[in-house]
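Observations on the three-dimensional arrangement
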Amino acid sequence: MRPVAISVDTPEVSRNLASKAGYTFPILSDPTAETIRRYNLLHKGGGPERSDIARPAEFLVDSSGTVRWTNFTEDVRIRAKADEMLAAARGMK
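Below, the structure is looked at part by part. (Residues numbered from 1 in each chain as written. Predicted model: local features only at pLDDT ≥ 70, side-chain atom pairs only at ≥ 80, totals over all residues. Heavy atoms only, no water.)

Details of the packing of aromatic side chains
Heads up, the rule is: Any two of the Phe, Tyr and Trp rings considered here, Trp counted by its six-membered ring, make a pair once their centres fall within 6.5 Å; the pair's planes then place it as stacked at under 30 degrees, edge-to-face at over 60, or tilted in between. The helix count covers DSSP runs of H or I at least four residues long, the strand count covers runs of E at least two residues long, and both are numbered beginning at the N terminus. Throughout this description, buried means an accessible area under 20% of the type-specific maximum (1.4 Å probe, protein chains only), exposed means over 50%, and partly exposed covers the range between.
Under the criterion given, the structure shown has three aromatic pairs. Relative to phenylalanine 72, the ring of phenylalanine 59 lies with its centre 5.5 Å away and its plane at 85°, an arrangement referred to as edge-to-face. In this pair, phenylalanine 59 is assigned in strand 5 (residues 57-61) and phenylalanine 72 in strand 6 (residues 67-72), connecting sequence segments 13 residues apart. Using a relative accessible area of 27% as the deciding quantity, one classes phenylalanine 59 as partly exposed.

Some points on the environment of tryptophan 69
Stated precisely, the cut-off is as follows: Residue contacts are defined here by distance: any two heavy atoms, one from each residue, within 4.5 Å place the two residues in contact.
Tracing the backbone through its elements, the reader meets tryptophan 69 in strand 6. For the pair tryptophan 69 and alanine 57, spaced 12 residues apart in the sequence, the C-alpha separation amounts to 11 Å. Not counting residues up to four positions away in its chain, the partners in contact with tryptophan 69 are Glu58, Phe59, Leu60, Ala80, Met85 and Ala88.

Considerations on the pairing of strand 6
This is how the line gets drawn: One bridge is not enough; two strands pair if DSSP finds at least two bridges between them.
Bridging between strand 5 and strand 6 involves five bridges; their strand directions are antiparallel. Bridge pairing links glutamate 58 to asparagine 71 in strand 6. Where strand 5 folds back onto strand 6 in an antiparallel hairpin, the turn is made up of five residues, including glycine 65, whose phi is positive at roughly 95°.

Some words on helix 3 (residues 82-92)
Under the convention used in this document: Taking the helix axis as origin, the arc is that swept by the directions to the C-beta atoms.
Residues Ala88, Ala89 and Met92 constitute the buried set of helix 3. Summarising the axial view, the buried residues of helix 3 lie within an arc of 100°, below the 170-degree limit, and thus occupy one face. Set apart from the buried face of helix 3 by more than 90 degrees, the exposed residues are Asp83, Arg90 and Gly91. Of the surrounding elements, those touching the buried residues of helix 3 are strand 5 and strand 6.

Overview of the pattern of salt bridges
For clarity, the cut-off: Salt bridge, as used here: a side-chain nitrogen of Lys or Arg that lies within 4 Å of a carboxyl oxygen of Asp or Glu.
By the definition in use, this model includes two salt bridges. Taking the shortest distance from any N to any O, the salt bridge between glutamate 34 and arginine 38 comes out at 2.7 Å. Remark: arginine 38 and glutamate 34 occur in helix 2 (residues 34-38); sequence separation between them is four residues, near one turn of the helix. The exposure class assigned to glutamate 34 is partly exposed, which follows from its relative accessible area of 45%. Arginine 38 gets classed as exposed once you look at its relative accessible area, which sits at 62%. Salt-bridge contacts for arginine 68 lead to aspartate 62; the nearest nitrogen and oxygen are separated by 3.3 Å. What makes arginine 68 partly exposed here is its relative accessible area of 42%.

A look at a nonpolar patch on the surface
Rule in force here: Residues enter patches when their relative accessible area tops 30% and they take part in no salt bridge; the joining distance is 9 Å for like charges and 5 Å for the nonpolar side chains Val, Leu, Ile, Met, Phe, Trp and Tyr. The Shrake-Rupley method, run with a 1.4 Å probe sphere, supplies the accessible areas, and residue values consider only the shown protein chains as cover.
Among the surface-exposed residues, Val4, Ile6 and Leu28 lie close enough to one another that they form a single nonpolar patch of about 240 Å² accessible area. By the secondary structure assignment, leucine 28 is in strand 2 (residues 27-29). Using a relative accessible area of 43% as the deciding quantity, one classes leucine 28 as partly exposed.

If you want it as C-alpha cells, here you go:
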C-alpha cells in the first residue's frame, strides 16, 4: 500500500507543500477538480478568496480498485488519525 493525495493545487504548489512538510508520497494535481467532483468532494468556495477546494477525505482502496474504508469531514482541521488508517489497512489483508 502507498498513500497518494489529490489536490486542486498546481503541481508546483503541491511540490512546495510536500517539500516543506516532508511528504514522500505523490500529490496529484486536479486543478479543474474533475476527479474531486467524481467523488463528490468539491467544497465550493471553501478555499482562499472563495476558491473551490476538495473536502477533506481519506480512502483506502484495495488492489482491485474497491474502496474498503473512508473518512469524510466538512472541517479541514479534522483528519483521520494514523492509527485508525493503519488498523483499517491491516484489516484489508
